[in-house]
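For reference, the chains in residue letters:
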Amino acid sequence: MERVLGIGGYFLRAADPAAMSAWYRDCLGLDADEYGLWQQEAGPTVFAAFDSGTDYFGSPTQQTMLNFRVRDLDAMLAQLRTKGADVSGETQEMEGVGRFGWVTDPEGRRIELWQPA
């Protein structure tokens with residue numbers, strides 16, 4: 001059986017694609033080239049289905065949630081706050097899994113940040 005090799009891309013609609021790309025670059029450090037190509041570090045990726053009624057993604061209209069691995073969750077959340085990003089006041093820790101925090105992008109998409117254990 002053929003299998004997928006990994007995440008090949010994540011595509012999102014934006015009212016102003018250039019401004020949205022700049023936010024991801026300036027706030028999260030996502031250094032994509034002019035075509036959106038980003039060389040990410042190797043590491044674990046979670047693929048999980050949630051119940052359709054979950055409030056974990058924030059808005060009920062948000063059907064998926066992007067999760068980024070980070071080296072230092074506290075430093076990333078502080079950086080986002082300094083840049084005026086909409087950062088959740090809560091964090092969560094799952095023993096053996098890691099720590100989680102959340103930020104909402106300028107168009108209202110909730111993004112999870114994960115510092116693996």
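For the structure itself, consult the block above.
Conventions used here
Residues numbered from 1 in each chain as written. Predicted model: local features only at pLDDT ≥ 70, side-chain atom pairs only at ≥ 80, totals over all residues. Heavy atoms only, no water. Buried < 20%, exposed > 50% of the residue type's maximum accessible area, 1.4 Å probe, protein only. Helix = DSSP H or I, 4+ residues; strand = E, 2+ residues; numbered from the N terminus. Pairing = 2+ DSSP bridges. Expected span 1.5 Å × (residues − 1). Contact = heavy atoms within 4.5 Å. Salt bridge = Lys/Arg side-chain N within 4 Å of Asp/Glu carboxyl O. Arc of directions from axis to C-beta. Polar contact = N/O pair within 3.5 Å; in protein donor to acceptor, adjacent residues only side chain to side chain.

Caption draft 1: Structural view of the pairing of strand β4 (residues 98–104). Of all the seven residues making up β4, six are buried; the element is thus mostly covered by neighbouring parts of the structure. As judged from the two bridges shared by strand β2 (residues 86–87) and β4, these two strands associate in the antiparallel manner. In the strand pairing of β4, V87 is matched with V103. Taken together, the three bridges between strand β3 (residues 92–94) and β4 define a ladder with antiparallel strand orientation. Note on β4: the bridge partner recorded for Q92 is F100. A loop of three residues connects β3 with β4, the two strands running antiparallel in sequence, and G96 in this loop sits at a positive phi of about 80°. Where β4 and strand β5 (residues 110–116) come together, seven bridges link them in antiparallel fashion. Residue pairing in the sheet places G98 in a bridge with P116 of β5.

Caption draft 2: Examining helix α1 (residues 17–28) more closely. The end-to-end C-alpha distance of α1 is 16 Å, a good match for the 16 Å that twelve residues give at a rise of 1.5 Å each. Every buried residue of α1 is listed here: M20, A22, W23, Y24, C27 and L28. Structurally, α1 contributes buried residues whose contacts are with β1 (66–69), α2 (73–82), β4 and β5. Taken from the residues just after α1, G29 is the one with a positive phi, measuring 75°.

Caption draft 3: Focus on the pattern of salt bridges. Evaluated as defined, the whole model comprises five salt bridges. We note a salt bridge from R71 to E41, for which the minimum N-O separation is 3.2 Å. On the criterion of sequence distance, the pair formed by R71 in the loop between β1 and α2 and E41 in the loop between α1 and β1 is long-range, its members being 30 residues apart. Of the residues examined, R71 reaches a relative accessible area of 67% and is grouped as exposed.

Caption draft 4: Structural view of α2. Residues of α2 that are buried: L73, M76, L77 and L80. The buried side chains of α2 occupy one side of the element, clustering within an arc of 95° when seen end-on. As for α2, its buried residues are in contact with α1, β2, β4 and β5. Regarding α2, its N-cap is D72, as a side-chain oxygen of that residue lies 3.2 Å from the backbone nitrogen of D74 further along. Phi for G84, located one or two positions after α2, is positive at around 80°.

Remember, this is a structural readout, not a statement about activity or role.
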